[in-house]
Amino acid sequence: MKQYRGALLDSELNNAIMEKMDELLAQLNPEQQKAVKITRGPILILAGAGSGKTRVITFRIAYLIRSKHVDPKNILAITFTNKAAGEMQSRIQNLLGSNHDVWIRTFHSTCAKILRGGAERIGIKRNFVIYDEYDQISVVKECLSDLEIDTKAFSPAYVAAVIDNVKENLAPASAIEDDTLRHIYNLYSKKLSEYNALDFDDLIMKVVELFKTDRDILEYYQNKFKYILVDEYQDTNRAQYVLTKMLAERHRNLCVVGDDDQSIYSWRGAEIKNILDFEADFPDTTVIKLQQNYRSTRRILKAASAVVSNNEYRKSKTLWCDNETGEKIVFFDADDSYTEAAYVARKIMELRLKDVSLGDIAVFYRVNYQSRLFEECFITYRIPYEVVGSLRFYERAEIKNVLAYLRVINNPDDAVSLKRIINIPSRKIGHETIEKITAYCEKEGMSIYEALHEIESIKRINTGTRKRIRDFTKMMDRHIKSQQQVDIYELAMQVVKDSGYLSSLSEDRTERDYIRRKNVEELLISMKDYVRERPDATLNDYLEEVSLRSDIDDWNESTERVNLMTLHNAKGLEFDVVFITGFEDGLIPHYKSQKDPKQYEEERRLLYVGITRARKQLYMTYARQRDMFRAGPSYTDLSPFYDEIPRDVMCAGYSFD
DNA sequence: CAGGAGGGGCTTTTT
DNA sequence: GCCCCTCCTG
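Here the structure is a predicted model, which is why all the values come from computation and not from measurement.

Cut-offs applied
Residues numbered from 1 in each chain as written. Chains lettered and ligands numbered in written order. Predicted model: local features only at pLDDT ≥ 70, side-chain atom pairs only at ≥ 80, totals over all residues. Heavy atoms only, no water. Helix = DSSP H or I, 4+ residues; strand = E, 2+ residues; numbered from the N terminus. Buried < 20%, exposed > 50% of the residue type's maximum accessible area, 1.4 Å probe, protein only. Contact = heavy atoms within 4.5 Å. Areas by Shrake-Rupley, 256 points an atom, 1.4 Å probe, with all protein chains shown as cover. Expected span 1.5 Å × (residues − 1). Polar contact = N/O pair within 3.5 Å; in protein donor to acceptor, adjacent residues only side chain to side chain. Salt bridge = Lys/Arg side-chain N within 4 Å of Asp/Glu carboxyl O. Pairing = 2+ DSSP bridges. Axes fitted to C-alpha atoms, helices over the stretch in contact; angles between N-to-C directions. Parallel < 35°, antiparallel > 145°, perpendicular 65-115°, else oblique. Nonpolar A, V, L, I, M, F, W, Y, C, P; charged D, E, K, R; others polar. Right-handed = clockwise from strand over helix to strand, strands pointing away. Arc of directions from axis to C-beta. Phe/Tyr/Trp six-rings, centres within 6.5 Å; stacked < 30°, edge-to-face > 60°. Lys NZ or Arg CZ within 6 Å of the ring centre and 35° of its normal.

Draft legend 1. Representation of the overall build of chain A within the structure. In terms of regular secondary structure, chain A is built from 27 helices and 17 strands. Dimensions of chain A, computed from the C-alpha atoms along their principal axes, are close to 80 × 80 × 50 Å. A total of 657 residues make up chain A; the buried ones form 54% of that total. In chain A, the proportion of contacts linking residues at least 24 apart, taken out of those at least 6 apart, comes to 78%. Element-wise, carbon and sulfur atoms account for 49% of the exposed surface of chain A, whose accessible area totals about 30600 Å².

Given below as structure tokens:
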């Protein structure tokens, strides 16, 4: 009887869900419906800007679960940022009205999670640390100095780029033709494994390695992920492509979504050919093109299409729309960058009087340092603003210092972090001492942290220094022990107090130190929140999350503030009013991208991305003079892309005085 | 041997 | 403008 009632309720519930699903599907155009309903086999969804992509993806996942009764555990959805993942997570939750176990993650966090489970299989310890680009540069510098290579001949940044390139393409070290670079690469790899650290690209590469080494693990994930969806497919690199292919091989229910016109990460190894060649890779692919734009006015769309149509290397498609004609694009030709900023500020004041919400306005620029002028100007005009990016919170020195302490506690082999904090605050343990310890490590084949415990056996260190090292080591050992007993917030609190770091920041009276202290406090508060939200999380979990967090993730959309960000950060977002600033030759396109035609086309796509973010009104500004930091003001030329925008959708902005 | 002071260098975009 | 490296001082 009971069972019968249950079944009845279930079927009622099901009917309600099916009705709701039908209702949802009715909101979609025929192409979008196809994109939701074709669930089997490989599918390529070419989703033009503003074509309702996010909606299609979320409906698709809801449809799989509700209408096709797919277990949420069997779905993997890959997004470009954690923020996009979080948004998708909550949208699906809203659609389904309950929690679900769909894996919605970035490539990097997916891989980190897989490695936490099976890394030991390929000789990586479970508590590995993830190195960001600055940590990576530190290791490269160590390598260069160990090998006595002049940093002028091989700049650390260049070497890091070579290393990334090799890994992004899953190439073996032997593929590096230059002997010196190959040696550096090998030493770099050796150091990372000694430090029990992985860099960003390792996360992907090591998972591929793991899958090749252990068929059982691969099969486990192949069976787990019966349905795979990859968003922003145009921005995947070779390693990510191989990984995706491995995972999808068994069930072949792979849906990739992207827009070749919005591929803007080739410099990070992204291969636009992954999306262009998808049909060749999977011959039975269903191709769906979403070409109706629901976002922008006709004029904005016309400008965007005209610009991008100058690219050779693309799948041909035409975006169209039913939307309003809209206002003309306003182009403002400023005498210099200060006038440009003032123009933007005064326009924003004007918009504000017309009841445009500040949160619906965005200012885009090509490079982060352009934000400074706008910030200064907005402060004088009392315009609330928020900078997304630039000085990233987790990359600030004081934040990295605190995290470095925690990283060492979590993984004492992490030499980069250990060297970072051993003399912060000053304990009078300097370079010379570190050098001696490192030499000892080499000889004895141990980690620095181990060597610190044998400090008495290391020669030529004076007694005072020895004592200070003993004190430091004892303190760290204490924290390593107490790690299990207290939560992350408590631990961090103890560490910043015990190490003297917090008081070292409090002693100084400069404005900067005050800001630093505030930042550390902010970090501690965020840890408290983290502990409250995820009481079971380990220190390792926390550090991983922080390493993979980008700052667009923390950005809060609904605030009443003007949004300032780079064109790259603007991807995936939309605003009523958009300002594209610095519309100059050398910035858009960036001067470093002018020689290579492929890169030049990418700059055009970047502009395309910027233009298509605007719903109602677009402003573009150009400064005839711009301060190139030290060299004083220099004269600029208008962007060559200016001529690609049809004259009839544009008009000149006026100056205010 | 640590750490401050001063000079040279360079800055695209970021998971 | 700022950061990093090097050299010199204490």
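Still to come is the rest of the account.
Draft legend 2. Inspection of helix 9 (residues 200-213) at higher detail. Helix length check: helix 9, at 14 residues, gives a terminal C-alpha distance of 20 Å against a target of 20 Å (1.5 Å per residue), a fit within 8%. Buried residues dominate helix 9, accounting for 10 of its 14 residues. Taken residue by residue, helix 9 has Asp201, Asp202, Leu203, Ile204, Met205, Lys206, Val207, Val208, Leu210 and Phe211 as its buried positions.

Draft legend 3. Structural detail: the side chain of Glu584. Looking at the secondary structure, you find Glu584 in the loop between strand 13 (575-580) and helix 27 (597-611). From its side chain, Glu584 meets the backbone nitrogen of Ala623 in a polar contact 3.0 Å long. In contact with Glu584, not counting residues within four places along its chain, are Glu340, Pro589, Tyr622, Ala623, Arg626, Thr636, Asp637, Leu638 and Ser639.

Draft legend 4. Fine view of the pattern of salt bridges. In total, this model carries 46 salt bridges according to the counting rule given. In this structure, the salt-bridge partner of Lys400 is Asp135, at a minimum N-O distance of 3.0 Å. With a gap of 265 residues between them, Lys400 in helix 17 (residues 397-410) and Asp135 in helix 6 (residues 133-146) connect regions that are remote in the sequence. For the pair formed by Lys400 and Asp135, the shared burial category is buried. The partner of Arg366 in a salt bridge is Glu603, and the shortest N-O contact between them spans 2.7 Å. With Arg366 in the loop between strand 10 (361-365) and helix 16 (371-380) and Glu603 in helix 27, this residue pair connects regions lying 237 residues apart in the sequence. Here the salt bridges do not stand alone but share partners, grouping Lys53, Asp231, Glu232, Asp235 and Lys571 into one network.

Draft legend 5. Seen up close, the sheet that holds strand 7 (residues 254-258). Overall, parallel pairing links the six strands, which are arranged 3-2-6-7-1-8 in an open sheet. Every other strand in the sheet has two partners, leaving strand 3 (103-106) and strand 8 (286-290) as the edge strands with one partner each. Neighbour-to-neighbour, the strand axes of this sheet turn through a mean angle of 15°, independent of strand direction. Judged from the four bridges that link them, strand 1 (residues 43-47) and strand 7 form a sheet pairing that is parallel. Note on strand 7: the bridge partner recorded for Leu46 is Gly258.

Draft legend 6. Seen up close, the sheet that holds strand 14 (residues 614-623). Reading across from one edge, 11-12-10-13-14-9-17 is the order of the seven strands in this open sheet, with parallel pairing throughout. Since the sheet does not close on itself, it has two edges, and those belong to strand 11 (385-387) and strand 17 (650-652), each with one partner. Between one strand axis and the next, the sheet turns through 25° on average, direction left out of account. Strand direction decides the pairing type here: strand 10 and strand 13, joined by four bridges, are parallel. If you follow Ile361 over to strand 13, its bridge partner there is Val577.

Draft legend 7. Highlighting the pairing of strand 10. Judged by how many residues are buried, strand 10 sits mostly within the fold: five of five residues are covered. Residues of strand 10 alternate between two faces, with Ile361, Val363 and Tyr365 on one and Ala362 and Phe364 on the opposite face, all of them buried.

Draft legend 8. The arrangement of the packing of helix 7 (residues 156-168) against helix 8 (residues 179-194) in detail. Running from amino to carboxyl end, helix 7 crosses helix 8 at an angle of 75°, the nearest separation of the two axes being 10 Å. Relative to helix 8, the element helix 7 lies roughly perpendicular. When helix 7 is examined against helix 8, the residues Tyr158, Val159, Val162, Ile163, Val166 and Lys167 are found in contact with a partner set consisting of Leu181, Ile184, Tyr185, Tyr188 and Leu192. Taken together, the residues of the contact of helix 7 with helix 8 break down into 10 nonpolar, no polar and one charged.

Draft legend 9. Representation of the environment of Ser174 in the model. With respect to the helices, strands and loops of the structure, Ser174 is situated in the loop between helix 7 and helix 8. Taking the C-alpha atoms as reference, Ser174 lies 9.7 Å from Asn186; in sequence the two are 12 residues apart.

Draft legend 10. Looking closely at the pairing of strand 14. Burial analysis of strand 14 places eight of its 10 residues in the buried class, which makes it a mostly covered element. When strand 9 (residues 329-334) meets strand 14, the two strands line up parallel, connected through five bridges. From the neighbouring strand, Asp333 faces strand 14, where its bridge partner is Tyr622. Chirality of the crossover, the property in question, places the unit of strand 13, helix 27 and strand 14 among those that are right-handed.

Draft legend 11. Examining helix 22 (residues 488-498) more closely. Every buried residue of helix 22 is accounted for by Ile488, Tyr489, Leu491, Ala492, Val495 and Val496. For helix 22, the buried positions fall inside an angular range of 160° around the axis, keeping them on one side. A positive phi of about 85° marks Gly500, the residue just after helix 22.

Draft legend 12. Main features of the packing of aromatic side chains. Throughout the structure, instances matching the rule amount to 17 aromatic pairs. Seen from their ring centres, Phe579 and Tyr619 are 4.5 Å apart, and the 10° between their planes marks the pair as stacked. Residue Phe579 is found in strand 13, and its partner Tyr619 is found in strand 14; the two are separated by 40 residues along the sequence. The exposure class of Tyr619 is buried, given its relative accessible area of 4%. An aromatic cluster of at least three residues, connected via ring pairs, comprises Trp103, Phe211, Tyr220, Tyr221 and Phe225. Over the ring of Trp103 we find Arg105, and its NZ or CZ is 5.5 Å from the ring centre.

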